[in-house]
Amino acid sequence: MTTFSNFSKGVRPIFALLSGKWKLEIMWLLHQQVYRFGELRKAIPGITQHMLTVQLRELEADGLVSRTIFAEVPPRVEYEITQEARGPGPTMEALTAWWNEYGKSVPVKPSARGRKARDG
């Protein structure tokens, strides 16, 4: 049986690690493939260059995303999910399957800051 104490000790730190408006979306995309910065920015409607930079730096500092800089002209930088961060992948896939089945029954909320309330 799961208790609130277990939630506090086991789940709350996970939520804190992934908190941030864009982190889960970034993690989901990087779970699929390696991205360059500009590709990530184009893949996330509404994110600013500054916010993407901030969120990527935090994810990198937490060991969830790795950044590789290639010594080329112009420099190429790629982001990928770390092996440690692959663990939540099945959970994200399960949430996606749940949303695909039940998402259309959820009332549509007004858009926030120009983002779509729901893709469907």
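Figured I'd write up the structure that's included with this text. Every residue gets a number counted from 1 within its own chain, in the order that chain's sequence is written. Local features are withheld for residues below a pLDDT of 70 in this predicted model, meaning they are given only at 70 or higher, and side-chain atom pairs are given and counted only at 80 or more; totals for whole chains, interfaces and linings count all residues. To get the side-chain values, take all heavy atoms of the structure and skip hydrogens and water.

### Topic: the packing of aromatic side chains
Selection criterion: Centre distance within 6.5 Å is the pairing criterion for rings of Phe, Tyr and Trp, where only the six-membered ring of Trp is used; planes under 30 degrees apart are then read as stacked, over 60 as edge-to-face, and the remainder as tilted. In DSSP terms, a helix is any run of H or I states spanning at least four residues, a strand is any run of E spanning at least two, and both are numbered starting from the N terminus. Burial classes: relative accessible area under 20% of the type maximum marks a residue as buried, over 50% as exposed, and values in between as partly exposed (1.4 Å probe, protein chains only).
Scanning the model with the defined rule gives two aromatic pairs in all. Look at Trp 98 and Tyr 102: their rings are 6.3 Å apart centre to centre, the planes differ by 40 degrees, and that puts the pair in the tilted class. Taken as a pair, Trp 98 and Tyr 102 lie in helix α5 (residues 89–102) at a separation of four residues, close to a single helical turn. Given a relative accessible area of 44%, Trp 98 falls into the partly exposed group.

### Some details on the sheet that holds strand β2 (residues 65–70)
Here is the rule we go by: Two strands form a pair only when DSSP identifies at least two bridges running between them.
With antiparallel pairing, the three strands of this open sheet are ordered in space as β1-β3-β2. Taken across any chain shown, the strands that pair with only one partner, and hence form the sheet edges, are β1 (35–36) and β2. Across six bridges, β2 lies against strand β3 (residues 76–81) in antiparallel orientation. Paired with Arg 67 across the bridge in β3 is Tyr 79.

### Regarding the pattern of salt bridges
Condition: The term salt bridge refers to a side-chain nitrogen of Lys or Arg lying within 4 Å of a carboxyl oxygen of Asp or Glu.
Throughout the structure, instances matching the rule amount to four salt bridges. In this structure, Glu 60 engages Arg 67 in a salt bridge whose closest nitrogen and oxygen atoms are separated by 3.8 Å. Here Arg 67 falls in the partly exposed class, since its relative accessible area comes to 41%. For the salt bridge of Arg 76 with Glu 72, the shortest nitrogen-to-oxygen distance reads 2.9 Å.

### Looking at the packing of helix α2 (residues 23–32) against helix α4 (residues 49–61)
Put simply, the test is: Between N-to-C directions, angles cover 0 to 180 degrees, with each direction set by a line fitted to C-alpha atoms, over the stretch in contact for helices. In this scheme, roughly parallel covers angles under 35 degrees and roughly antiparallel covers those over 145, while 65 to 115 is roughly perpendicular and the rest are oblique. Throughout, a contact is declared for two residues whenever any of their heavy atoms are within 4.5 Å.
The geometry of α2 relative to α4 is characterised by a closest axis approach of 10 Å and an angle of 70 degrees between their N-to-C directions. As summarised for this structure, α2 and α4 are arranged roughly perpendicular, according to the angle between their axes. Across the interface between the two elements, Lys 23, Ile 26 and Met 27 of α2 pack against Leu 52, Gln 55, Leu 56, Glu 58 and Leu 59 of α4.

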